[in-house]
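# Structural overview for review
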Amino acid sequence: MDVLDRLAEILEQRKSEAPEKSYAASLYAKGLDTILKKIGEEATETVIAAKDGERDKIVYEMADLWFHCCVLLAQQGLGPDDVLRELARRFGMSGLEEKASRKPG
Ligand SMILES: N=c1c2ncn([C@@H]3O[C@H](COP(=O)(O)OP(=O)(O)OP(=O)(O)O)[C@@H](O)[C@H]3O)c2ncn1[C@@H]1O[C@H](COP(=O)(O)O)[C@@H](O)[C@H]1O
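Residues numbered from 1 in each chain as written. Predicted model: local features only at pLDDT ≥ 70, side-chain atom pairs only at ≥ 80, totals over all residues. Heavy atoms only, no water.

Per an unreviewed UniProt entry, the protein carries the name Phosphoribosyl-ATP pyrophosphatase and comes from Methylococcus geothermalis. The UniProt entry for the protein carries the following comment under Sequence similarities (unreviewed entry): "Belongs to the PRA-PH family." Annotation of the protein in UniProt includes, under Pathway (unreviewed entry), the sentence "Amino-acid biosynthesis; L-histidine biosynthesis; L-histidine from 5-phospho-alpha-D-ribose 1-diphosphate: step 2/9." (UniProt positions renumbered as here; feature names shortened; annotations may be inferred.)

This is the structure:
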């Protein structure tokens, strides 16, 4: 199982957690506007890191951005696989081939 699959699984589990116990659960409880605001903030922080040429910070901020995008996908009943399938489709790879290409070995 890769990182995005595992994160998606954890984010699904967090839907039944108490908001005080989990950051993801607190985002679900606050709702769509809060999740979208976080995505906007993290995207901006990523842009600033790139403009400043801070490679470590680009990675850190983009991880925050991807995390919040995964929260949005989960909140919408979607997951990383839906996006990866669309990316794969754009260069002619089937969903099954895309999944197989991500498996180690
Ligand atoms: N991958 C993440 C993850 N990435 C980012 N974040 C949180 O996203 C928030 C980012 O918002 P901010 O930028 O405002 O935070 P900040 O502390 O000011 O940081 P910077 O401004 O310096 O970037 C922080 O609170 C981070 O802790 C994450 N919180 C949780 N996870 C994972 O998600 C899973 C579920 O987490 P919980 O719901 O907390 O159990 C766990 O497996 C965690 O490892």
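Attention now goes to the packing of helix H2 (residues 23-30) against helix H3 (residues 32-51). Remark: H2 packs on H3, axes separated minimally by 5 Å, with the N-to-C direction vectors making an angle of 120°. When the axes of H2 and H3 are compared, the pair comes out oblique. Residues Tyr23, Leu27 and Lys30 of H2 form the contact with H3, whose own contacting residues are Leu32, Thr34, Ile35 and Lys38. Residue classes in the contact of H2 with H3 are distributed as four nonpolar, one polar and two charged. (Axes fitted to C-alpha atoms, helices over the stretch in contact; angles between N-to-C directions. Helix = DSSP H or I, 4+ residues; strand = E, 2+ residues; numbered from the N terminus. Parallel < 35°, antiparallel > 145°, perpendicular 65-115°, else oblique. Contact = heavy atoms within 4.5 Å. Nonpolar A, V, L, I, M, F, W, Y, C, P; charged D, E, K, R; others polar.)

Moving on, we come to the site of the ligand. Near the ligand lie 14 residues; those nearest to it are Arg14, Ser22, Ala24, Lys38 and Glu42. Tyr23 is positioned such that a nitrogen or oxygen atom in its backbone is 3.0 Å from an oxygen atom of the ligand. The side chain of Lys38 places a nitrogen or oxygen atom 2.8 Å from an oxygen atom of the ligand. Surface burial for the ligand is 54%, taken as the share of its 840 Å² of free accessible area covered by protein chains. The element that contributes the greatest number of residues to the shell around the ligand is helix H4 (residues 55-75), accounting for five residues. Looking at side-chain class alone, the shell around the ligand contains six nonpolar, two polar and six charged residues. (Near = heavy atom within 4 Å. Polar contact = N/O pair within 3.5 Å; in protein donor to acceptor, adjacent residues only side chain to side chain. Areas by Shrake-Rupley, 256 points an atom, 1.4 Å probe, with all protein chains shown as cover.)

Next up on the list: the nonpolar core. Counting 10 residues, the largest nonpolar core consists of Leu11, Ala24, Leu27, Tyr28, Ile35, Ile39, Leu65, Cys70, Val71 and Ala74. Contributing elements (two or more residues each) for this core: H2, H3 and H4. Those residues in contact with Val71 that sit more than four places away from it in its chain are Leu11, Leu27, Tyr28 and Ile35. (Core = buried A, V, L, I, M, F, W, Y, C linked by side-chain atoms within 4.5 Å. Buried < 20%, exposed > 50% of the residue type's maximum accessible area, 1.4 Å probe, protein only.)

Attention shifts here to the packing of aromatic side chains. Counted according to the given criterion, the structure contains one aromatic pair. Where Tyr23 meets Phe67, the ring centres are 6.1 Å apart and the plane angle is 25°; that geometry is what we call stacked. With Tyr23 in helix H2 and Phe67 in helix H4, this residue pair connects regions lying 44 residues apart in the sequence. For Tyr23, a relative accessible area of 43% corresponds to the partly exposed category. (Phe/Tyr/Trp six-rings, centres within 6.5 Å; stacked < 30°, edge-to-face > 60°.)

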